[in-house]
Amino acid sequence: IVRARLYATALGLYKCQLNGRAVTDDIFRPGWTDYTKRVQYQAYDVTDLLRTGENVIGAALGDGWHCGFLGSAPRQQYGDRPRFLATLVIEHPDGDETTLVTDERWRYRFGPVLEADLLMGETYDARREIRGWSSPGLDESDWVKVLTFEDPGIDRVSSASPPVRRIEERVAVAEPIERTGNKKQRHWIFDFGQNLVGRTRLRLKASAGTTARLRFAEMLQDNGTLYTANLRSARATDFYTFRGDDQPEVWEPCFTFHGFRYAEILIEGSAEHSAVTREALTAVVLHSDTPGIGTFECSDPLVNQLQSNIRWGQKGNFLEVPTDCPQRDERLGWTGDAQVFIRTACFNADVAGFFTKWQQDLADAQGDAGWYPAIVPNPVGLALGDGGPAWADAGIICPWTIYECYGDSRLLERHYDSMSRFMGYLDRTRAEGLRCHPDKSYHSFGDWLSLDGPGTTLSGGTARDLIGTGYLARCAEIMTKVAKILKRPEDAKRFAALRNEVIESFNREFVTPGGRISEDTQTAYLVALGFDLLPEAVRPAAFDRLIGKLRRNGWRLSTGFVGTPLLCPVLTRFGRTDVAYKLLLQQGYPSWLYTVLQGATTMWERWNSYTKEHGFGDVGMNSFNHYAYGAVGQWLYATVAGINLDPERPGYKHAILRPEPGGGLTHAKATLETPYGVLSSAWQIESNTMHYKATLPPNATGTFYPPPNAKADRDHYELNSGTHEFSLPINAEQRVSQ
Ligand code: BGC
């Protein structure tokens with residue numbers, strides 16, 4: 001043969017082997033899409049796996065998103081059982097091709113995997129393994145004929161995003177702690193030192209028929225046992241039954257994942273087994289293979305831990321689709337969460353392919369009326385309709401951010417019609433110019449989890465119509481730019497006019513001439529200022545009110561998912577980076593560093609998901625891996641370290657370098673692998689001098705703006721590729737008390 005290619009896909013999950021060898025180490029193939037419309041296939045070069053003589057191909061199937069539990073919905077959202085489809089194309093030297101397909105001649109048998117579910121876990125009985133199930137010489141006399149199915153008639157597309165892979169394997173930070181509750185059962189708890197997402201690899205010797213139960217948790221309770229109440233109905237439990245080999249048996253499940261820092265092994269007390277040491281269980285980190293491209297580091301170890309927590313929140317929740325959380329019975333593509341975090345995500349990792357694929361998911365999930373839903377993909381059993389402000393708007397904000405960060409307009413081009421239909425929907429459903437008019441029953445999550453509200457609501461105290469109308473103006477602003485880039489001047493005019501109209505309604509309804517906003521919350525001011533909704537003349541007064549509110553609140557935030565990402569960027573934009581630092585470095589509740597000081601190794605859903613003083617927060621919704629508040633990461637890169645992009649020359653063709661030292665930090669540095677090469681920005685302060693060093697990649701330029709508190713002979717410097725150094729006198733004192 002000259003070459004052989006295998007095309008494979010499944011409704012469900014598949015793991016394929018040829019002659020006893022895996023065709024790929026990709027995980028959770030074919031990935032998650034709306035299986036009523038589209039499924040991805042993968043193509044593998046399997047030339048080297050074929051041999052002369054008999055060849056055997058096999059596939060193991062799991063339920064996955066297709067027919068396993070999904071969020072809090074019942075099983076079988078898309079279908080009742082997994083199905084597999086493959087074509088093997090073999091090219092011969094004479095130009096002929098042999099094509100083999102999955103047809104009624106295939107045979108199956110149930111194997112060692114007794115249960116496999118993403119939320120519930122995997123049950124594996126090694127005694128039931130079929131030796132050589134995909135190798136020549138297999139005796140399949142007791143295998144039965146497969147069931148074949150009609151083509152479901154959905155699109156089959158090549159996968160656009162990087163696959164989930166095994167990214168790293170971690171050993172527990174110490175020997176596992178044995179907790180012998182009773183003699184019948186023994187259990188050991190492993191601490192991997194980091195809340196992560198993936199699975200474990202078991203290496204243990206035990207007598208045949210012994211079962212090890214594995215459970216997972218993000219936190220421990222005071223008595224040292226696993227805290228699993230926050231997983232809700234996700235059982236997150238694996239079982240492995242030993243063959244009874246002479247050697248330690250090695251097992252890693254393949255159709256499940258868990259969110260955990262701690263894992264527990266439980267074995268019946270009477271079972272014979274080798275010692276349970278650190279080596280007995282390691283943690284395997286899984287996520288969509290979005291390589292890290294950014295680093296941020298500064299002189300404050302707590303801020304560095306915050307950056308690490310943001311990064312880990314991103315790793316664990318970028319698994320096939322951007323999810324809210326990776327552990328409880330949710331793990332869904334919540335659009336709002338993705339939208340607030342995407343800019344930060346683009347600093348940390350190369351997420352271009354990941355969001356390119358998800359944008360198609362958004363388009364697939366779009367309602368006939370034009371809305372985007374709150375979760376994407378949007379399975380029928382969970383279907384929520386219009387996602388409402390800040391959630392649905394992901395359909396506009398995400399592709400725009402990807403364009404800005406990578407400079408590739410094809411995503412905008414491909415989805416322009418879908419994006420325009422969404423704008424049409426928003427425009428049509430306005431009442432008195434407002435989105436989410438209070439007299440109509442529009443859906444909205446408000447400023448989710450904000451502390452401004454009356455306490456009884458999760459949506460916070462900022463009116464939904466204010467957030468909705470503000471976000472509509474923001475979307476219209478983006479669409480004006482998109483239409484210009486795609487050379488549709490008429491559309492651009494239309495979107496610009498819509499934006500003006502919406503802004504007028506916003507001001508008429510919510511803003512006094514003196515710059516007071518009717519909803520007296522931090523988020524209301526942040527939306528108004530951050531999205532440029534106020535007349536120039538009113539902005540200073542409105543900004544003063546925001547500062548007043550923060551001061552009266554003891555320099556603490558009270559924002560939820562909507563307000564938090566805007567907080568530091570707005571303070572910087574209006575000249576109060578000192579206040580932004582005050583919030584960043586705040587250690588009291590609620591603040592970013594508060595969670596760091598409570599021991600967080602990822603971002604938490606709530607500022608008080610756990611406190612040393614009061615223990616665990618409300619169990620109904622208490623994720624320890626929820627990236628939304630990590631949206632501050634964008635400001636760390638852009639303002640603390642100074643790396644930003646120029647929207648006019650996207651993809652960092654021209655970088656804006658605007659570092660603003662403050663908060664008593666003595667140095668900060670960020671690096672970013674842009675499409676042009678590595679860009680870096682670093683400063684250090686020594687006896688009132690700021691030493692600044694920037695490196696620009698080939699074929700890119702930058703503009704360096706010295707900080708307002710530095711003395712420089714110019715207000716900006718144009719820089720070319722290469723390394724540039726500046727030494728500037730600086731007054732790095734804080735002035736926050738004003
Ligand atoms: C999710 C959020 C999501 C929200 C919608 C929650 O259950 O975990 O992150 O955005 O619902 O308000």
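Analysis parameters
Residues numbered from 1 in each chain as written. Predicted model: local features only at pLDDT ≥ 70, side-chain atom pairs only at ≥ 80, totals over all residues. Heavy atoms only, no water. Helix = DSSP H or I, 4+ residues; strand = E, 2+ residues; numbered from the N terminus. Rg over C-alpha atoms; globule rule 2.2 N^0.38 Å. Buried < 20%, exposed > 50% of the residue type's maximum accessible area, 1.4 Å probe, protein only. Contact = heavy atoms within 4.5 Å. Areas by Shrake-Rupley, 256 points an atom, 1.4 Å probe, with all protein chains shown as cover. Pairing = 2+ DSSP bridges. Near = heavy atom within 4 Å. Polar contact = N/O pair within 3.5 Å; in protein donor to acceptor, adjacent residues only side chain to side chain. Nonpolar A, V, L, I, M, F, W, Y, C, P; charged D, E, K, R; others polar. Axes fitted to C-alpha atoms, helices over the stretch in contact; angles between N-to-C directions. Expected span 1.5 Å × (residues − 1). Disulfide = S-S within 2.5 Å. Parallel < 35°, antiparallel > 145°, perpendicular 65-115°, else oblique. Left-handed = near helix turned anticlockwise from the far one by under 90°. Phe/Tyr/Trp six-rings, centres within 6.5 Å; stacked < 30°, edge-to-face > 60°. Salt bridge = Lys/Arg side-chain N within 4 Å of Asp/Glu carboxyl O.

Asker: Any chance you could explain the overall build of the protein chain here in plain terms?
Answerer: The helix and strand tally for the protein chain stands at 14 helices and 35 strands. Here the C-alpha radius of gyration of the protein chain, 27 Å, is about what a compact globule of 738 residues would show, namely 27 Å. Burial statistics for the protein chain: of 738 residues in total, 59% are counted as buried. Excluding contacts between residues fewer than 6 apart, the proportion of contacts in the protein chain whose partners are at least 24 apart in sequence is 72%. Counting only carbon and sulfur atoms, one obtains 47% of the accessible surface of the protein chain, whose full area is about 28,800 Å².

Asker: Would you take a moment to explain the environment of Leu458 for this structure?
Answerer: Topologically, Leu458 is positioned in the loop between helix H6 (410–428) and helix H7 (464–485). Its relative accessible area of 35% is what places Leu458 among the partly exposed residues. For the pair formed by Leu458 and Gly446, sequence separation is 12 residues and the distance between their alpha carbons is 8.3 Å. Residues in contact with Leu458, not counting those within four places in the same chain, are Asp447, Trp448, Leu449, Ser450, Arg606 and Met621.

Asker: Can you walk me through the sheet that holds strand E2 (residues 13–18) in this structure?
Answerer: Strand pairs in the sheet, formed through backbone hydrogen bonds, run parallel or antiparallel to each other. As summarised here, the arrangement of the 3 strands in space is E3-E2-E5, forming an open sheet in which the pairing is antiparallel. Two strands close off the open sheet at either side, each with one partner strand: strand E3 (21–22) and strand E5 (57–62). Taken together, the 6 bridges between E2 and E5 define a ladder with antiparallel strand orientation. What sits directly across from Lys15, in E5, is Ala60.

Asker: When you look at the site of the ligand in this model, what are you seeing that I'm missing?
Answerer: Every residue lining the ligand is accounted for by Asp324, Arg328, Glu330, Trp334, Asp337, Trp391, Phe445, Trp448, Phe561, Glu605 and His626. Measuring from an oxygen atom of the ligand, one finds a side-chain N or O atom of Asp337 at 2.5 Å. Taking His626, its side chain carries an N or O atom lying 2.8 Å from an oxygen atom of the ligand. Looking at the shell around the ligand, its residues break down into 5 nonpolar, 1 polar and 5 charged.

Asker: I tried to follow the sheet that holds strand E29 (residues 654–657) on my own but got confused; where do I start?
Answerer: Strand order in this open sheet of 4 strands is E28-E29-E33-E34, and the pairing throughout is mixed. Whereas interior strands pair on both sides, the edge strands pair on one side only; in this sheet they are strand E28 (643–645) and strand E34 (717–719). This sheet shows a mean twist of 30 degrees between the axes of neighbouring strands, independent of strand direction. Judged from the 3 bridges that link them, strand E33 (residues 701–704) and E34 form a sheet pairing that is antiparallel. Across the sheet, residue Phe704 finds its bridge partner in E34, namely Tyr717.

Asker: Hey, could you run me through the pairing of strand E19 (residues 237–241) in this one?
Answerer: Regular strands have side chains that alternate between both faces of the sheet. For E19, a buried count of 4 out of 5 residues is recorded, marking the element as mostly surrounded by other parts of the structure. As judged from the 3 bridges shared by strand E10 (residues 121–125) and E19, these two strands associate in the parallel manner. Within E19, the residue paired with Asp125 across the bridge is Thr241. Examined bridge by bridge, strand E16 (residues 211–217) and E19 share 5 bridges and lie antiparallel to one another. Bridging from a neighbouring strand, Thr211 pairs with Thr241 of E19.

Asker: Got a minute to help me understand helix H2 (residues 301–317) in this structure?
Answerer: For H2, built from 17 residues, the straight-helix expectation of 24 Å at 1.5 Å per residue is met to within 8% by its first-to-last C-alpha distance of 24 Å. The element H2 is largely enclosed, with a buried count of 12 among its 17 residues. Among the residues of H2, those classed as buried are Val303, Leu306, Gln307, Asn309, Ile310, Arg311, Trp312, Gly313, Gln314, Lys315, Gly316 and Asn317.

Asker: Could you clarify how one ought to interpret the state of the cysteines in this entry?
Answerer: Two cysteines form a disulfide when their sulfur atoms are joined by a covalent bond. A full pass over the atoms with the stated rule returns 0 disulfides. Cys67 takes part in no disulfide bond, and the closest cysteine sulfur to it belongs to Cys254, at a distance of 14 Å. Taking the relative accessible area as the measure of exposure, Cys67 reaches 0% and is therefore buried. Not engaged in a disulfide, the cysteine Cys568 finds its nearest cysteine sulfur in Cys298; these two sulfurs lie 13 Å apart.

Asker: Explanation requested: the pairing of strand E9 (residues 113–117) in the structure shown.
Answerer: In this sheet, E10 lies alongside E9 in antiparallel orientation, the contact comprising 4 bridges. Directly across from Val113, in E10, lies its bridge partner Tyr124. What sits between the antiparallel neighbours E9 and E10 is a turn of 3 residues.

Asker: Looking at this structure, how should I read the packing of helix H5 (residues 394–406) against H7?
Answerer: Between two packed helices, the angle of one axis relative to the other and the distance separating the axes together describe the packing. Interhelical geometry of H5 versus H7 gives an angle of 45 degrees and a closest axis separation of 10 Å. Taken together, H5 and H7 sit at an angle that is classed as oblique. In terms of crossing hand, the pair formed by H5 and H7 is left-handed. Counted together, Ile396, Ile397, Trp400 and Tyr403 of H5 and Tyr471, Arg474, Cys475, Ile478, Met479, Lys481, Val482 and Ile485 of H7 form the full contact between these two elements. When the residues that make up the contact of H5 with H7 are grouped by side-chain class, the tally is 10 nonpolar, no polar and 2 charged.

Asker: I would appreciate a short explanation of the side chain of Asn507 in the present structure.
Answerer: Positionally, Asn507 belongs in helix H8 (residues 489–510). Non-local contacts of Asn507, meaning those with residues more than four positions away in its chain, are made with Leu533, Leu534 and Pro535.

Asker: What's the story with the packing of aromatic side chains in this structure? I'm lost.
Answerer: Each aromatic ring pair is characterised by the separation of its centres together with the angle its planes make. Using the criterion set out here, one finds 48 aromatic pairs in the structure. Arranged with centres 6.1 Å apart and planes meeting at 55 degrees, the rings of Phe296 and Tyr637 form a pair that is tilted. One end of the pair, Phe296, is in strand E23 (residues 294–298); the other, Tyr637, is in helix H14 (residues 633–641), and 341 residues separate them in sequence. Pair check on accessibility: Phe296 and Tyr637 agree, each one buried. Taken together, the aromatic side chains of Trp334, Trp391, Phe445, Trp448, Phe561, Trp592, Trp607 and Tyr629 make up a single cluster linked through ring pairs.

Asker: How do you make sense of the packing of helix H3 (residues 335–348) against H14 when you look at a structure like this?
Answerer: Look at H3 against H14: their axes get within 7 Å of each other, and the N-to-C directions meet at 60 degrees. Between H3 and H14, the angle falls in the class oblique. Crossing hand, H3 versus H14: left-handed. Judged by residue contacts, Arg343, Thr344, Phe347 and Asn348 of H3 engage Gly633, Gln634 and Tyr637 from H14. Among the residues forming the contact of H3 with H14, the class breakdown is 2 nonpolar, 4 polar and 1 charged.

Asker: Would you mind going over the pattern of salt bridges with me for this structure?
Answerer: Between side chains of opposite charge, pairing is possible as soon as their charged atoms come close. Inspection of every chain in the model, using the stated rule, returns 48 salt bridges. Across the pair Arg203 and Glu169 runs a salt bridge, and its minimum N-O distance is 2.8 Å. Of the two residues, Arg203 is situated in strand E15 (residues 185–204) and Glu169 in strand E13 (residues 164–170); the sequence distance between them amounts to 34 residues. For Glu169, a relative accessible area of 37% corresponds to the partly exposed category. As a salt-bridge pair, Lys549 and Asp520 come within 3.6 Å of each other at their nearest N and O atoms. Placement of the pair is Lys549 in helix H10 (residues 539–552) and Asp520 in the loop between H8 and helix H9 (522–530), with a sequence separation of 29 residues. Asp520 sits in the partly exposed class, given a relative accessible area of 45%. In this structure, a network of salt bridges that share partners links the residues Arg166, Glu169, Arg199, Arg201, Arg203 and Glu252.

Function cannot be read off these values alone, since they describe shape.
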